[in-house]
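# A closer look at the structure
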Amino acid sequence: MTRSTDFVSVNAPVSDEVVQAIRDLDNNSLALRLHFTVHHLSRWITPIHDRNKLERSRHYGEPTVRDLLLLMRENEQFIYPRMWVVANEKDPNMDQIPPYVPNASVVMADRNWATVELMGGFRRLRQSTCGLLRQIPDAAWQRKGYSRVHENATLRQLAEQLAEHDYRVLRAMDATLWDSGARDGIAEIQTASIDELLQLVPTSLKI
């Protein structure tokens, strides 16, 4: 059992090795890595039945597991529409995408739903992302979307951004689950670290 000693932050530096490992994945493996994220979340979160443990952080100002899950969903809501525009529009202008504004039912769900229920919402979003990527031929991964507000990006770059964000959030969640006591009494197979789980993704994959 390893517990973190540093302040948990999604914005903590990511090593060059982690970034390069994402870039080294072929398109199929990158899509698989994004798909596996929901399995990692389910492995970690589903066995924890005490809701309070998923809404507890070690130090004031640190994110809870619930906060981190909402952060993943928020990022997906930003990236997926940009992927869709790049994949489907002849002149993919990502600035045409309106900002996401949650409706009243989403706001209420965010306040009242258990973390495992919120995980189900994120799973559906990620399945849409992975479904889009699976339908795209390799050559189309280099299609570029344009933006004056953010930055130009190809589909491949957007997918890599998702993978790096996943790593940042899952790394923070891994530490938070240990340090909050949420993993006390949980079977070892359900507490595998993010670095161990990422070893399940091959560098290349033929489909």
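What you are looking at is a predicted structure, and each value in this text was computed from that prediction instead of being measured. (Residues numbered from 1 in each chain as written. Predicted model: local features only at pLDDT ≥ 70, side-chain atom pairs only at ≥ 80, totals over all residues. Heavy atoms only, no water.)

### Some thoughts on the overall build of the protein
Applied cut-off: Helix numbering and strand numbering both begin at the N terminus, where a helix is a DSSP run of H or I of at least 4 residues and a strand a DSSP run of E of at least 2. Radius of gyration here is computed from C-alpha atoms only, and the compact-globule reference equals 2.2 Å multiplied by the residue count raised to the power 0.38. Only protein chains enter the area calculation, which uses a 1.4 Å probe; residues under 20% of their type maximum are buried, those over 50% are exposed, and those in between are partly exposed. By definition in these notes, contact holds between two residues if any of their heavy atoms fall within 4.5 Å. Per-residue and other accessible areas follow the Shrake-Rupley method at a 1.4 Å probe size, with only the shown protein chains counted as cover for residues. Charge convention: Lys and Arg are scored as positive, Asp and Glu as negative, and His as well as the terminal groups of each chain are ignored. Lysine's charge is taken at NZ, arginine's at CZ, aspartate's at CG and glutamate's at CD.
Helix and strand counts for the protein come out as 8 helices and 2 strands. Going residue by residue from the N terminus, the α and β elements of the protein occur as α-α-α-α-α-α-β-β-α-α. In summary, the protein has a C-alpha radius of gyration of 17 Å against a globular reference of 17 Å for 207 residues, a match within 12%. The principal-axis extents of the C-alpha atoms in the protein amount to approximately 50 × 40 × 30 Å. In the protein, which comprises 207 residues, the share counted as buried stands at 47%. For the protein, the share of sequence-separated contacts (at least 6 apart) that also reach a separation of at least 24 residues comes to 81%. When the accessible area of the protein is evaluated, it comes to approximately 11400 Å², of which 51% is carbon and sulfur surface. Each charge class in the protein can be summarised by its mean position, and for the 25 positive and 27 negative side chains these summaries are 4 Å apart.

### Quick look at the confidence of the model for the protein
This is how it is decided: Per-residue confidence from the predictor is reported as pLDDT, which spans 0 to 100.
Looking at the protein, the pLDDT average stands at 92 and 97% of residues meet or exceed 70. Long-range and interchain partners of residues 1-5, a stretch whose pLDDT sits below 50, account for 9 contacts in this model, where long-range means more than four residues apart.

### Let's talk about the pattern of salt bridges
Inclusion rule: Within this document, salt bridges are pairs made up of a side-chain nitrogen of Lys or Arg and a carboxyl oxygen of Asp or Glu, the two lying within 4 Å of each other.
A complete count under the given rule lists 8 salt bridges for this structure. Arg 126 is the partner of Glu 76 in a salt bridge, and the nearest nitrogen-oxygen pair spans 2.7 Å. One end of the pair, Glu 76, is in helix 4 (residues 65-88); the other, Arg 126, is in helix 6 (residues 115-134), with 50 residues separating them in the sequence. Summarising the burial analysis for this pair, Glu 76 and Arg 126 share the class buried. Across the pair Asp 166 and Arg 126 runs a salt bridge, and its minimum N-O distance is 2.8 Å. With Asp 166 in helix 7 (residues 155-179) and Arg 126 in helix 6, the pair connects residues that are 40 residues apart, well separated along the chain. Across this residue pair, the class does not change: Asp 166 and Arg 126 are buried.

### Here's the deal with the nonpolar core
For the record, the criterion: To qualify as a nonpolar core, a set must consist of buried Ala, Val, Leu, Ile, Met, Phe, Trp, Tyr and Cys residues joined through side-chain atoms within 4.5 Å.
Counting residues in each nonpolar core, the largest one holds 30 residues, and the members touching the most others are Leu 41, Trp 44, Ile 45, Met 173 and Leu 177. Among the elements of the structure, helix 1 (16-24), helix 2 (27-45), helix 4, helix 6, helix 7 and helix 8 (194-198) are those that each provide at least two residues to this core. Tallying contributions element by element places helix 7 first for this core, with 7 residues. In this view, Leu 177 contacts Trp 44, Ile 48, Leu 54, Val 65, Ala 182 and Arg 183; residues no more than four positions away in its chain are not counted. Ranked by size, the runner-up nonpolar core spans 26 residues in total, among them Leu 30, Ile 97, Leu 132 and Leu 133.

### Brief notes about the packing of aromatic side chains
Two aromatic rings, taken as a pair, are described by how far apart their centres are and by the angle between their planes. Test applied: Here is the rule: rings of Phe, Tyr and Trp (six-membered ring for Trp) pair when centre to centre is within 6.5 Å. Planes less than 30 degrees apart are stacked, more than 60 are edge-to-face, and the remainder are tilted. Placement of a positive charge over a ring is assigned whenever Lys NZ or Arg CZ falls within 6 Å of the ring centre and within 35 degrees of the normal to the ring plane.
Under the counting rule described, the total for this entry stands at 0 aromatic pairs. Over the face of the ring belonging to Phe 78 we find Arg 82, whose NZ or CZ atom lies 3.8 Å from the ring centre.

### Comments concerning the side chain of Arg 73
Examined against the element boundaries, Arg 73 turns out to sit in helix 4. Every residue in contact with Arg 73, bar those within four places of it in the chain, is listed here: Val 106, Asp 110, Leu 118, Phe 122 and Leu 125.

### Describing empty space enclosed by the protein
To be explicit about the condition: Whether a set of points on the 1 Å grid over the protein atoms alone is a cavity depends on a 1.4 Å probe fitting there but being unable to get out, while an open set qualifies as a pocket with protein on both sides within 12 Å along at least five of seven lines; lining residues are those with an atom within 4 Å of a point. Grid points are joined across faces, edges and corners, and a volume is the space filled by probe spheres set on the points. Put simply, Ala, Val, Leu, Ile, Met, Phe, Trp, Tyr, Cys and Pro go in the nonpolar bin, Asp, Glu, Lys and Arg in the charged bin, and everything else, Gly too, in the polar bin.
Counted according to the given criterion, the structure contains 1 cavity of 30 Å³ or more. Taken as a whole, the largest cavity spans an internal volume of roughly 50 Å³. If you go around the largest cavity, the residues you meet are Arg 33, Thr 37, His 40, Ala 163, Asp 166, Tyr 167, Leu 170, Ile 194 and Leu 198. Within the residue set of the lining of the largest cavity, elements represented by two or more residues are helix 2, helix 7 and helix 8. Take the lining of the largest cavity: its biggest share by element is 4 residues, from helix 7. Along the lines of polarity and charge, the residues of the lining of the largest cavity split into 5 nonpolar, 2 polar and 2 charged.

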